[in-house]
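Residue-level structural notes
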Amino acid sequence: MRAINKVFLELPEEKRRLILNAAFTEFGEQGYARASTNRVVAQAEISKGMLFYYFNSKNELFNDLANTALDHSMEKYEESFSQVNPDYIDWLYNLARKKFEYQQLFPEETRFLGQLYLSSDKDFLDADTADRFTSLIRRTQEQVEKNADTSMLRTDIPHDIAKKMVGWVIEGYQNDMVARMEADAEIWNKGHLDPFWDEYYEFLEVLKHLFYKKGKA
């Protein structure tokens, strides 16, 4: 993995974050092919020459963005991976909380990684960065299997199907919840989010009744 230009790292934190966020937003919204470095420099209020002094090319900028986002997301996920929870759905809930904490801290990076995951932009990653990205996804899946006990799932539904169904329902609910949060002007007010999380937990209790063995919910 290539280190970000030392001169860029010596810039004041506020300036670095302005440039990175402008680039994260552009690539996250437009995708690699349509992303414009002209829009990045206009948003970051720097010259194009300075951008390419810090990052030699559009592709190098893209890969540096990916590695920065991976650094932050992996740090947050490691907090989840270290937690062993005997309840499968509760473990997924805690993982969702960690994911959202990351989204709160780095909203532009979250959109960037989402675009990277859902599109062919992965083809523009260099080999080392692509390996890091793939490893994060694989490690998340492995940790679900390792740390979350699925023995309480109903036995009258094939185990793999039950896990997929729980995952799909949770993902769909999370997407709906995030959409409603983003429509709320106070989404980044941490205390304001409590009702959303309370509602989410109530939803998961219903999910347990549907997918857990009797007496386990």
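Note that the coordinates shown come from a computational prediction; the quantities given were computed from them, not determined experimentally. (Residues numbered from 1 in each chain as written. Predicted model: local features only at pLDDT ≥ 70, side-chain atom pairs only at ≥ 80, totals over all residues. Heavy atoms only, no water.)

1. Section: the packing of aromatic side chains
Put simply, the test is: Stacked, tilted and edge-to-face are the three classes applied to pairs of Phe, Tyr and Trp rings, where Trp contributes its six-membered ring and a pair requires centres within 6.5 Å; stacked means planes under 30 degrees apart, edge-to-face means over 60, and tilted covers the rest. Numbering of helices and strands runs from the N terminus, with a helix taken as a DSSP run of H or I at least four residues long and a strand as a DSSP run of E at least two residues long. Remark: a charge is flagged as sitting over a ring if the NZ atom of Lys or the CZ atom of Arg is within 6 Å of the ring centre and within 35 degrees of the ring normal.
Using the criterion set out here, one finds 14 aromatic pairs in the structure. When the ring of Tyr173 is compared with that of Phe203, the centres are 4.0 Å apart and the planes differ by 10°; the resulting orientation is stacked. With Tyr173 in helix H9 (residues 159–182) and Phe203 in helix H10 (residues 194–211), this residue pair connects regions lying 30 residues apart in the sequence. The positively charged end of Lys58 is found above the aromatic ring belonging to Tyr32, 4.8 Å away from the centroid.

2. Describing the pattern of salt bridges
Note the cut-off: A side-chain nitrogen of Lys or Arg and a carboxyl oxygen of Asp or Glu constitute a salt bridge if their distance falls within 4 Å. Exposure is judged per residue with a 1.4 Å probe applied to protein chains only, and the accessible area is read against the type maximum: over 50% gives exposed, under 20% gives buried, and values in between give partly exposed.
In the structure shown here, the tally under the stated rule is 8 salt bridges. Glu109 is paired through a salt bridge with Arg17; the nearest N and O atoms lie 3.3 Å apart. In this pair, Glu109 sits in helix H7 (residues 107–118) while Arg17 sits in helix H2 (residues 13–34), placing the two residues 92 residues apart along the sequence. We note a salt bridge from Lys208 to Asp90, for which the minimum N-O separation is 2.8 Å. Pair noted here: Lys208 is in helix H10 and Asp90 is in helix H6 (residues 88–105), with a separation of 118 residues, a long-range link. Both residues of the pair, Lys208 and Asp90, count as buried. Through salt bridges with shared partners, one network takes in Asp87, Asp90, Glu205 and Lys208.

3. Examining a nonpolar patch on the surface
Where we set the bar: Candidates for patches are residues over 30% relative accessible area with no salt bridge; among them, like charges are joined within 9 Å and nonpolar side chains (Val, Leu, Ile, Met, Phe, Trp, Tyr) within 5 Å. Only the protein chains shown count as cover for residues, and the accessible areas themselves come from Shrake-Rupley with a 1.4 Å probe.
A surface patch of nonpolar side chains, about 250 Å² in accessible area, is lined by Val7, Met50 and Tyr53. Along the chain, Met50 turns up in helix H4 (residues 48–54).

4. Regarding the packing of H6 against H10
Going by this rule: Between the N-to-C directions of two axes lies an angle of 0 to 180 degrees, each axis being a line fitted to C-alpha atoms and, for a helix, fitted only over the stretch in contact. With respect to orientation, any angle under 35 degrees is reported as roughly parallel, any angle over 145 as roughly antiparallel, any angle of 65 to 115 as roughly perpendicular, and every other angle as oblique. Handedness of a helix crossing follows the sense of rotation of the near helix relative to the far helix, less than a right angle counterclockwise being left-handed and clockwise being right-handed. Residues count as neighbours in contact if any of their non-hydrogen atoms are within 4.5 Å of one another.
Closest axis-to-axis distance for the H6/H10 pair is 10 Å, and the angle between their directions is 155°. Viewed along their axes, H6 and H10 adopt a mutual orientation that is roughly antiparallel. As for how H6 packs across H10, the hand of that crossing is right-handed. Residues Ile89, Asp90, Tyr93, Ala96, Arg97 and Phe100 of H6 touch H10, and the partners they reach there are Trp197, Tyr200, Tyr201, Leu204, Leu207 and Lys208.

5. A closer look at the environment of Ile137
You can see Ile137 is positioned in helix H8 (residues 127–147). Judged by relative accessible area, Ile137 falls into the partly exposed class, the value being 26%. Expressed as a C-alpha distance, the spacing of Ile137 and Tyr117, which sit 20 residues apart in the sequence, is 9.4 Å.

6. Considering the confidence of the model for the protein
Applied cut-off: Across the chain, each position has a pLDDT score giving the predictor's confidence in that residue, from 0 to 100.
Confidence in the prediction of the protein, expressed as mean pLDDT, is 84, and 87% of residues score 70 or more. Within the protein, the element-level pLDDT minimum falls on H6, averaging 80, and the maximum on helix H3 (residues 37–44), averaging 97.

7. A word on the nonpolar core
Let me state the cut-off plainly: Nine residue types can take part in a nonpolar core, namely buried Ala, Val, Leu, Ile, Met, Phe, Trp, Tyr and Cys, and a core is a set of them joined through side-chain atoms within 4.5 Å.
One finds Ile19, Tyr88, Phe112, Val166 and Tyr200 to be the most contacted residues of the largest nonpolar core, which totals 56 residues. Top element by residues in this core is H6. It accounts for 9 residues. Those residues in contact with Tyr200, other than ones at most four positions away along the chain, are Tyr93, Ala96, Ile170, Tyr173, Gln174 and Met177.

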